[in-house]
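Residue-level structure breakdown
The chain contents come next:
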Amino acid sequence: MKTRDLADLALRNLSEALLRNALTTLGVAVGVASLVAMLSLGVGLQQLASKRLSQSGLFDTIFVTPKNSFRGMGRPQREASPANPPRALDEDARTEIAKMPAVIEVFPQIRFFTEVRFQNKPYATVVVGMPDSSKNSGSFDGMQGRFFSSPTANEAILQVEFAKELSEKSGLLVGQELVLRYAERQALAPHVTDTPGNAGEPSGGFSVVPKDLRLQIVGVVETEPAAGYGGYGNARVLIPLKTAATLRAAQVNDLRDVVRDSNAGKTTYPSLSVRATSPAHVEALEASIKNLGFNTFSLLDASKSLRTFFSVFDLLLGIFGSLALAVATLGIVNTLVMAILERRCEIGILKALGAADSDVQQLVFFEAGVMGFLGGILGVLFGWLLGQALTFGTNVYLRRQNLNPIELSTVPWWLVLAALAFAVLVSLTAGLYPASRAAKLNPVDALRYE
Amino acid sequence: MPASNPAIQLHRISRYHSMGLATVRAVDDVSLSINQYEFLALLGPSGSGKSTLLNLIGGLDRPTSGSIFAAGQDIAALSPLDLARYRCNTVGMIFQSFNLLPRMTLEENVELPLRLAEIGRSERPARVREALERVGLTHRVGHRPAELSGGEQQRVAIARALVNRPKILLADEPTGNLDSATGEVILALLREQSALGMTIVMVTHERSLAEKFADRLAVMGDGKLLSTSLAKGLAQ
């Protein structure tokens, strides 16, 4: 029989027992909806996590430290021999790394202990310089106030816990001023020795001069944007990185560098953060930076583990979602077996008139396929609506907790097509037994059946 | 008068059914030759094997042993697909209970064999009309079987059997559900088809009608062919 005639007969058969077939199709739809809703939650959560992590820069950032660093990310450091001193992480190194391919930016970590005066009361804390690119990291989403107006502004963003120390109503701090007291490094005058010819050499030492800087509080943030790897102690006052650089505040590595006299007269950094264009370039970049004589660290391996976790998570959600579809499959088998029982005589007539076994088989398959396809379309729609409802409910809850709304559920195109294909495939599989049973009907017995 | 060239030839046909430990010999070693354009009536009491024999000739069932030659082929040896094609293109069947599909209109019922034979859609309306004209029912095309009388339903069944222009028409008790007057109308219709060039095998238990309309009578009993004779109508 030609496909069009087959389709015509199948649709006619389906419309005959409309209620029963509609309920079976609804069963498939519920199964597919449960599958789609589960997977859309998995996909949504994965995208949410990936977006946050990608925005945070953890996976496209390489943390660079000199080989003589006191902090070696928990790994033992091999001291360089006196004949081959370790390379300093200075401005030259920063420029060299910045010129490497696939590097977006290289910025130093400027972080220092200091004192903040607010309403004439002193508060000890840690100040950190934040690069301008951190604005898009997601850490500042939903903050009170705003991000820095310019990369060199004399402005500060306070971490909420610190803000609470300053005032019970942390939200009212925005717009007020605080005074940053810090120790400025000032290079000492040239060193004068008894040795002839050494006059005028830079001493390599510095004096520490207390300085004040007035900063306007522009925001209060609940997250800890500067608490990423490489940080030592949570910074609670955030200022623009360029502003921090101009302060020349004494840092923990300064004394060590003076003692070693390794980098006289030049600004050195305890660490640099290198941002790559994508996590795919991180591995190659790390190797290139290591070749320059520095230690590197990235969270690429953690990213791989995260992807594995979400794959397993999606698989589990898919299995749970498929349970409802498995029940729906039994519904299809039941409906088709019942339909064949009812249409036994009709199948006998078709066979007596010349229908081949394959015609009868295809007819049943077609009916199963149509129920699967329609159930699939409805199921995707229901699944999407369920996901939207969950997102809506979650966001209502999040708003009540003063948290930002999220996109909890995502139904990508591949999920729509896969769900439709899966629904049809499952329905056709469910139709295997009834179709085979119908095809094997003996026409003489079938015609005798009334 | 029927031509002497056989349209159907049965050679030592048997059909046994197993029922528990017992074996029922529904058709037992029957040999019979049916000529082209002949109208043969198969007579016999219930359970004599005449319907089973008709089903074997129609390709609805397969013999346990023996061979059936029809349209130049041994249909007992055909594959399931070829047997379906044989049912579709070579034979037309009429049943006692009409066996029309109740949810289809008269026109759609008659069109069904054309769909199965994969006849083009453009050709179908003319073929359906031609078949309905042969049974005189062109004015009821849009009706459903339930809206027709028994005799009309049987005429639709005849139109459906004729629509693929088969060489052989098989009728299983075509008048069994009809009153005697309507039965005669139906048999007259079958007689016309035979005269137009069709071999007809009809199962009936109404000897008088068979004598009146058929060319030859074959009487069965206990699965065996007991006798064959010319019908009285023809003999007279």
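Report on the accompanying structure.

Scoring rules and cut-offs
Residues numbered from 1 in each chain as written. Chains lettered and ligands numbered in written order. Predicted model: local features only at pLDDT ≥ 70, side-chain atom pairs only at ≥ 80, totals over all residues. Pairing = 2+ DSSP bridges. Helix = DSSP H or I, 4+ residues; strand = E, 2+ residues; numbered from the N terminus. Contact = placed C-beta atoms within 7 Å. Axes fitted to C-alpha atoms, helices over the stretch in contact; angles between N-to-C directions. Nonpolar A, V, L, I, M, F, W, Y, C, P; charged D, E, K, R; others polar. Buried ≥ 20, exposed ≤ 12 C-beta atoms within 10 Å, placed from the backbone.

**With respect to the sheet that holds strand S2 (residues 22–35) of chain B**
All names here are of chain B. Strand order across the open sheet formed by four strands is S2-S1-S4-S5, with antiparallel pairing between neighbours. Each edge of the sheet is formed by a strand with only one pairing partner; in this case those strands are S2 and strand S5 (73–74). Taken together, the 10 bridges between strand S1 (residues 6–19) and S2 define a ladder with antiparallel strand orientation. Its bridge partner being in S2, Arg15 is matched across the sheet by Val27. In the packing of helix H1 (residues 50–57) onto the sheet, contacts are made with S1, S2 and strand S4 (65–70), and the angle to S2 comes to roughly 60°.

**Observations concerning the interface of chain A and chain B**
Taken together, the contact between chain A and chain B spans 16 residues of the former and 20 residues of the latter. Mapped onto the side of chain A that touches chain B, the elements with two or more residues apiece are helix H1 (3–16), helix H9 (344–352), helix H10 (357–400) and helix H12 (443–448) of chain A. Taken together, the residues of the side of chain A that touches chain B sort by class into nine nonpolar, one polar and six charged.

**Some words on the environment of A:Gln216**
Residues and elements named next belong to chain A. Mapped onto the secondary structure, Gln216 falls in strand S8 (residues 206–221). Under the C-beta neighbour-count criterion, Gln216 is labelled partly exposed, with 14 such atoms within 10 Å. In this structure the C-alpha to C-alpha distance between Gln216 and Leu173, which are 43 residues apart in sequence, comes to 9.4 Å. Gln216 has contacts with Asn154, Glu155 and Glu177, leaving out every residue within four places of it along the chain.

**Describing the pairing of strand S6 (residues 155–159) of chain A**
All names here are of chain A. Extensive coverage of S6 is indicated by the burial of five of its five residues. Burial of the side chains of S6 extends over both faces: Glu155, Ile157 and Gln159 are buried on one face and Ala156 and Leu158 on the other. Relative to S8, S6 runs parallel, the two sharing five bridges. Across the sheet, Ile157 pairs through a bridge with Gly219, a residue of S8. Bridge count for S6 against strand S9 (residues 237–240) is two bridges, and the pairing is antiparallel. Following the sheet pairing, Ile157 is matched in S9 by Leu238.

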